[in-house]
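Descriptive structure summary
Here is what each chain is made of, one letter per residue.
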Amino acid sequence: MSDTYTLYNSTVMDHFMNPRNMGDLKDADGVGEVGAAACGDIMKISLKIREGRIEDARFKTFGCGSAIASSSMATELIKGRTIEEAMSFSNQEVVNALGGLPPVKIHCSVLAEEALKAALEDYVKRHPEAVAKPESVPA
Amino acid sequence: MRTVYLDHQSATPLLPEAFEAMRPYFTEYYGNASSLHQHGLRVREALKKARQQQAALVGAESDEEIFFTSDGTESANLAVKGVAYANERKGKHLVVSATEHPSVMNSVEFLEKQGWTCTRVPVNAEGFIQLDALRKAITPQTVLVAVHHVNHDIGSIQPIHDVGAVCAAAGIPLYVDCEASAGWLPIDVRAMGASLVSFSPHRFYGPKGVGVLYRHRRARLVSILHGGVQEGGRRAGTENIPAIVGAGVAAEVAARELSSRSAHVARLQTRLWDGLLAKVPFIKLNGPLPGPGRAPNNINISTEFIEGEGQLLLCDLHGIAVASGSSCVSKSLKISHVLAAIGLDHALAQGNLILTLGKDNTEADVDYVVETFAKIVGKLRGMSPMWDEFERGVIDSVIAPRGVGRSFSEHAAAVSGKPAH
Ligand code: FES
């Protein structure tokens with residue numbers, strides 16, 4: 001396969017061809033679905049959250065190769081993180097972990113960040129107590 | 001792994017006989033056609049013969065009506081800008097179809113920034129130009145009408161003789177882009193009533209690096225490349241002699257084999273579309289049905305609920321080379337303007353794939369493509385939130401609506417907060 005040329009680097013191609021965490025989660029605690037204004041694509045991330053931590057994550061993507069790879073990588077990266085940590089997740093982390101994306105494809109990784117945050121928002125909406133600051137919690 | 005090349009619209013393999021003919025012009029006959037010595041005079045002869053070969057392919061009256069450029073883009077730029085500038089005093093209005101190639105569209109946009117105006121004539125859902133609208137678009141200030149012969153995306157064959165008659169009646173020069181038809185459909189520049197016609201030999205087994213522009217001897221055209229007096233002063237620059245020689249051979253063979261090549265790809269085209277339709281649910285052919293209205297080598301499909309770049313990449317990983325008009329494939333993140341002009345739903349434009357057949361494709365190739373593509377679609381739909389939402393009745397199909405759920409576009413707008421294109 002050494003004479004095979006690829007549009008993306010080998011990490012991106014691997015995540016595109018063998019996506020991790022593809023699918024839906026039964027009884028997800030938070031689901032986020034967002035569309036890219038730029039190209040019109042859609043990404044959905046589902047989260048399983050236990051004791052303030054992301055226990056499991058799944059994605060489904062209607063989009064280009066880099067969008068599929070970005071969602072695969074994003075779900076890998078966020079598993080095990082606390083909600084607070086996940087709230088500050090940035091697409092740059094996805095880009096770095098993927099070893100870079102072409103400039104025109106950066107927005108696909110933004111889609112992954114947005115889908116994750118939408119899923120977290122959904123969770124918080126359902127569980128407002130989860131993010132209540134400790135000092136505001138009645139003793 | 002089988003490899004199936006289905007992107008003949010982008011490039012074709014060079015004919016071995018064309019390659020052989022080119023070879024000595026790199027190393028032995030390297031003279032410049034502008035030189036007055038033996039080396040120059042020899043290649044001048046070759047240049048003349050190559051013009052005759054191109055003239056014969058498109059029914060030009062004389063080889064003096066054939067100009068060589070570097071490619072189709074340059075030909076289109078020369079045709080549009082060269083005619084506009086030459087007739088500037090007569091008027092500054094242009095008429096083009098809404099589905100011209102980007103090299104025509106962007107040349108027109110360039111002129112618009114300099115004070116020209118342009119009317120883009122709409123096409124119908126199959127991509128055919130509306131003749132009534134064309135007639136109405138022409139004004140006393142119009143100096144050029146540009147309509148392609150075959151659409152580069154969806155293969156529609158324009159009623160080009162009718163377009164020619166409209167232009168002749170109005171006395172306006174007509175430029176016909178034959179980039180997607182030359183070598184595959186018979187072309188008669190005189191019967192078309194064309195003042196200018198462009199085509200590229202690399203679409204019919206000639207080399208890249210050369211384009212052909214036919215110009216009727218009475219059509220006014222000024223140069224847009226300034227330098228020496230090559231090509232009758234209308235295209236300065238040293239001629240790419242090896243490519244021009246190879247292109248001549250390709251034109252000669254294309255003229256000879258045109259009907260058998262077309263019949264061959266037309267058979268495969270029907271087999272391909274019938275096969276895809278039978279194996280892949282929720283798929284749509286864009287452009288006219290295979291037959292007299294469609295170029296015999298083009299299939300343009302939209303597969304619902306999945307995006308085109310993923311389809312293209314997975315096809316490539318299975319040895320199948322195709323193109324796509326999805327926004328994710330384009331550097332500008334816009335769907336093909338042709339798909340927009342035929343009013344294709346954005347969701348379907350996103351799932352677009354363009355397959356162009358060639359003389360060396362076989363029935364076994366086509367069967368492999370159908371079988372492989374069905375698997376690819378299954379894999380991508382399995383990853384698509386849209387497919388799942390369709391199955392759960394949240395969104396409806398555009399191709400075969402069930403009357404359940406909202407449209408993809410409504411859904412996309414709802415989740416992105418912005419309307420899709
Ligand atoms: S999702 Fe459309 S370009 Fe990546």
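Residues numbered from 1 in each chain as written. Chains lettered and ligands numbered in written order. Predicted model: local features only at pLDDT ≥ 70, side-chain atom pairs only at ≥ 80, totals over all residues. Heavy atoms only, no water.

Quick look at the overall build of chain A
This is how the line gets drawn: Each helix is a run of DSSP H or I of at least 4 residues and each strand a run of E of at least 2, with the numbering of both proceeding from the N terminus. Atoms considered for the radius of gyration are the C-alpha atoms alone. The globule rule reads 2.2 Å times the number of residues to the power 0.38. What makes two residues a contact is simply this: any of their non-hydrogen atoms within 4.5 Å. Accessibility throughout is a Shrake-Rupley quantity obtained with a 1.4 Å probe, and a residue counts as covered only by protein chains that appear here.
A count of helical and extended segments in chain A gives 5 helices and 3 strands. Rg of the C-alpha trace for chain A: 16 Å, near the compact-globule value of 14 Å for 139 residues, within the 12% margin. Here the C-alpha coordinates of chain A stretch approximately 65 × 30 × 25 Å along the principal axes. By sequence separation, contacts in chain A at least 24 residues apart represent 61% of the contacts at least 6 residues apart. For chain A, the accessible area works out to roughly 6,500 Å², and carbon and sulfur atoms hold 52% of it.

Notes on the overall build of chain B
The condition that has to hold: In this scheme, a residue with accessible area under 20% of its type's maximum is buried, one over 50% is exposed, and one in between is partly exposed, where area comes from a 1.4 Å probe on protein chains only. Counted charges follow a simple rule, with Lys and Arg positive, Asp and Glu negative, and His plus the chain ends left uncounted. By convention, the point assigned to a charge is CZ for Arg, NZ for Lys, CD for Glu and CG for Asp.
What chain B contains, in helices and strands, is 15 helices and 12 strands. For chain B, whose C-alpha radius of gyration is 23 Å, the value lies close to the compact-globule estimate of 22 Å for 421 residues. When each of the 421 residues of chain B is scored for burial, the buried share is 59%. Pairs at least 24 apart in sequence give 69% of the contacts found in chain B among residues at least 6 apart. For chain B, the exposed surface amounts to about 16,400 Å²; the carbon and sulfur share of it is 55%. Taking the 41 positively charged and 42 negatively charged side chains of chain B as two groups, their mean positions are separated by 4 Å.

As for the packing of aromatic side chains
All names here are of chain B. The condition that has to hold: In summary, the pairing rule links any two rings of Phe, Tyr or Trp, Trp by its six-membered ring, whose centres are within 6.5 Å, and it sorts them by plane angle into stacked for under 30 degrees, edge-to-face for over 60 and tilted for everything else.
Taken as a whole and assessed by the stated rule, the structure comprises 11 aromatic pairs over all chains. Aromatic pair Phe 282 and Phe 305: ring centres 5.8 Å apart, planes at 75°, arrangement edge-to-face. With Phe 282 in the loop between α9 (241–279) and β9 (283–285) and Phe 305 in the loop between β10 (298–303) and α10 (308–317), this residue pair connects regions lying 23 residues apart in the sequence. Through a chain of ring-to-ring contacts, the aromatic side chains of Phe 282, Phe 305, Trp 387 and Phe 390 assemble into a single cluster.

Considerations on helix α2 (residues 65–78) of chain A
All names here are of chain A. Going by this rule: Residue count minus one, scaled by 1.5 Å, sets the expected span of a helix.
Spanning 14 residues, α2 covers 20 Å between terminal C-alpha atoms, matching the ideal 20 Å at 1.5 Å per step. Extensive coverage of α2 is indicated by the burial of 12 of its 14 residues. Among all positions in α2, only Gly 65, Ser 66, Ala 67, Ile 68, Ala 69, Ser 70, Ser 71, Ser 72, Met 73, Ala 74, Thr 75 and Ile 78 are buried.

Section: the domain arrangement of chain B
Residues and elements named next belong to chain B. For the record, the criterion: The start and end points of each domain follow an automatic or database-based domain assignment. Defined here as a combined quantity, buried area equals the accessible surface (1.4 Å probe) lost by two parts on assembly, summed across both. In the sections that follow, a salt bridge refers to a side-chain nitrogen of Lys or Arg positioned within 4 Å of a carboxyl oxygen of Asp or Glu.
By the assigned domains, chain B splits into domain 1 (16–254) and domain 2 (258–416). The C-alpha centroid of domain 2 is placed 31 Å from the C-alpha centroid of domain 1. With 27 residues of domain 1 at the interface, the matching set in domain 2 holds 27 residues. The contact between domain 1 and domain 2 buries some 2,000 Å² in all, and 61% of this surface belongs to carbon and sulfur atoms. If you look at where domain 1 meets domain 2, you find 0 salt bridges.

As for empty space enclosed by the protein
Residues and elements named next belong to chain B. What counts is decided by this rule: Detection works on a 1 Å grid of protein atoms alone, calling trapped sets that fit a 1.4 Å probe cavities and calling open sets with protein on both sides within 12 Å along at least five of seven lines pockets, with lining residues defined by an atom within 4 Å of a point. Grid points are joined across faces, edges and corners, and a volume is the space filled by probe spheres set on the points. Under the convention adopted here, Pro, Cys and the residues Ala, Val, Leu, Ile, Met, Phe, Trp and Tyr are nonpolar, Asp, Glu, Lys and Arg are charged, and Gly plus all remaining residues are polar.
Counted by the stated rule, this structure contains 5 cavities of 30 Å³ or more. Quantified by volume, the largest cavity comes out at close to 50 Å³. Taken together, Gln 9, Thr 99, Glu 100, His 101, His 148, Val 150, Asn 151, His 152, Asp 177, Glu 179, Ala 180 and Arg 203 make up the full set of residues lining the largest cavity. Here the residues of the lining of the largest cavity sort into 2 nonpolar, 6 polar and 4 charged.

Focus: the pairing of strand β2 (residues 66–69) of chain B
All names here are of chain B. Short version of the rule: We treat two strands as partners when DSSP finds at least two bridges between them.
Neither face of β2 is open: one carries Ile 66 and Phe 68, the other Phe 67 and Thr 69, and all of them are buried. Across 4 bridges, the pairing between β2 and strand β8 (residues 211–215) is antiparallel. Note that in β8 the partner of Thr 69 across the bridge is Gly 211.

What to know about the interface of chain B and chain A
We count it as follows: Whenever a nitrogen or oxygen atom comes within 3.5 Å of another N or O atom, the pair is scored as a polar contact, on the condition that within protein one atom can donate a hydrogen and the other can accept it, and that pairs from neighbouring residues in sequence are kept only if both atoms are in side chains.
In this complex, chain B contributes 32 residues to the contact, which on the side of chain A involves 30 residues. Interface of chain B and chain A: buried area, both sides summed, is about 2,400 Å²; carbon and sulfur atoms make up 67% of it. At the surface where chain B touches chain A, the tally comes to 10 residue pairs in polar contact (both at pLDDT 80 or more). At the level of elements, α10, α12 (346–350), α13 (363–383), α14 (385–391) and α15 (408–416) of chain B are the ones that each hand at least two residues to the side of chain B that touches chain A. The residue inventory of the side of chain B that touches chain A, partitioned by class, reads 15 nonpolar, 9 polar and 8 charged.

Section: the packing of helix α1 (residues 10–17) of chain A against α10 of chain B
Rules: Only the contacting stretch of a helix is used when fitting its axis, a line to C-alpha atoms as for every element, and angles between N-to-C directions run 0 to 180 degrees. Here is the rule for angles: anything less than 35 degrees is roughly parallel, anything more than 145 is roughly antiparallel, 65 through 115 is roughly perpendicular, and the remaining ranges are oblique.
Taken N-terminus to C-terminus, the directions of α1 of chain A and α10 of chain B make an angle of 100°; their axes are 12 Å apart at the nearest point. Judged by the angle between their axes, α1 of chain A and α10 of chain B are roughly perpendicular. Packed against α1 of chain A, whose contacting residues are Met 13, Phe 16 and Met 17 of chain A, the element α10 of chain B presents Gly 310, Leu 313, Leu 314 and Leu 317 of chain B at the interface. For the contact of α1 of chain A with α10 of chain B, a count of residues per class yields 6 nonpolar, 1 polar and no charged.

Focus: the sheet that holds β10 of chain B
Residues and elements named next belong to chain B. Here we have 3 strands laid out as an open sheet, ordered β9-β10-β12, and antiparallel in their pairing. In this open sheet, the two edge strands, each paired with only one partner strand, are β9 and β12 (352–356). Neighbour-to-neighbour, the strand axes of this sheet turn through a mean angle of 25°, independent of strand direction. In the sheet, β9 pairs with β10 via 3 bridges, with the strands oriented antiparallel.

Structural notes on the layout of surface pockets
Residue and element names in this part refer to chain B. Empty space within the largest pocket amounts to approximately 750 Å³. Taken together, the elements giving at least two residues each to the lining of the largest pocket come down to α5 (102–112) and α11 (337–341). Broken down by element, the lining of the largest pocket gets its largest block of residues, 4 residues, from α5. Split by residue class, the lining of the largest pocket holds 8 nonpolar, 12 polar and 6 charged. Domain assignment of the residues forming the lining of the largest pocket places at least three in each of domain 1 (16–254) and domain 2 (258–416).

Examining the side chain of Glu 304 of chain B
Residue and element names in this part refer to chain B. The topology assignment puts Glu 304 in the loop between β10 and α10. The side chain of Glu 304 is buried and forms no salt bridge, while Arg 381, the nearest opposite charge, is found at 6.2 Å. Within the structure, the side chain of Glu 304 is placed 2.4 Å from the backbone nitrogen of Val 398, a separation counted as a polar contact. Not counting residues up to four positions away in its chain, the partners in contact with Glu 304 are Phe 282, Leu 348, Arg 381, Asp 396, Ser 397, Val 398 and Ile 399.

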